[in-house]
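Chain residues, written in single-letter form:
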Amino acid sequence: AGNDCLDVSSGKYSILKSNLDNCDDKAISVGEKSNFNADNVNISNSNIGVAVKDSSKFLNNVINFKNTKICFQIFQKKQEFGGGNVEVKDINCEGNYQVDENSVIFYR
């Protein structure tokens with residue numbers, strides 16, 4: 001994809017398995033009070049793996065990143081929302097994390 005591979009907002013989403021490769025910007029972008037549940041996610045060759053912003057929640061059981069500069073970017077973009085919330089169980093990340101002061105990441 002020339003931009004984001006999967007971009008969602010203002011809803012409830014559930015993915016059982018996904019393989020996302022060569023996303024120029026973000027593999028998954030979750031915003032504006034979304035709830036995103038994923039079971040098995042594989043992301044490779046992307047600039048940003050998963051961006052979670054603006055009062056959104058990302059829950060995941062297994063997530064693998066390969067050749068991805070930023071695995072998670074969790075932040076508040078718009079003033080009318082809060083930060084992002086990520087909860088992961090099993091993660092394999094060779095890249096970095098970016099989490100602002102309004103956001104959190106939990107490991108279960």
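In the block above lies the structure referred to throughout.
Residues numbered from 1 in each chain as written. Predicted model: local features only at pLDDT ≥ 70, side-chain atom pairs only at ≥ 80, totals over all residues. Heavy atoms only, no water.

Bringing the pairing of strand 5 (residues 48-53) into the picture now. Where burial is concerned, most of strand 5 is hidden: six out of the six residues are buried. Judged from the four bridges that link them, strand 3 (residues 26-31) and strand 5 form a sheet pairing that is parallel. Bridge pairing in strand 5 links Ile 28 to Val 50. Here five bridges tie strand 5 to strand 7 (residues 70-75), and the two strands are oriented parallel to one another. Bridging from a neighbouring strand, Ile 48 pairs with Ile 70 of strand 7. (Buried < 20%, exposed > 50% of the residue type's maximum accessible area, 1.4 Å probe, protein only. Helix = DSSP H or I, 4+ residues; strand = E, 2+ residues; numbered from the N terminus. Pairing = 2+ DSSP bridges.)

Across the sheet, which stays open at both edges, the five strands sit in the order 2-4-6-8-10 with parallel pairing between neighbours. Only two strands of the sheet have a single neighbouring strand rather than two, namely strand 2 (12-21) and strand 10 (104-107). Averaged over all neighbouring strand pairs, the angle between strand axes comes to 20°, with direction disregarded. Where strand 6 (residues 57-66) meets strand 8 (residues 85-92), seven bridges bridge the pair, whose relative direction is parallel. By the bridge assignment, Phe 58 is partnered in strand 8 with Val 86. (Axes fitted to C-alpha atoms, helices over the stretch in contact; angles between N-to-C directions.)

Here we come to the nonpolar core. Counting 20 residues, the largest nonpolar core has Ile 28, Ile 43, Val 50, Phe 58, Ile 63 and Phe 72 as its most contacted members. For Ile 28, the contacting residues outside a window of four places in its chain are Leu 6, Leu 20, Phe 36, Val 41, Ile 43, Gly 49, Val 50 and Ala 51. (Core = buried A, V, L, I, M, F, W, Y, C linked by side-chain atoms within 4.5 Å. Contact = heavy atoms within 4.5 Å.)

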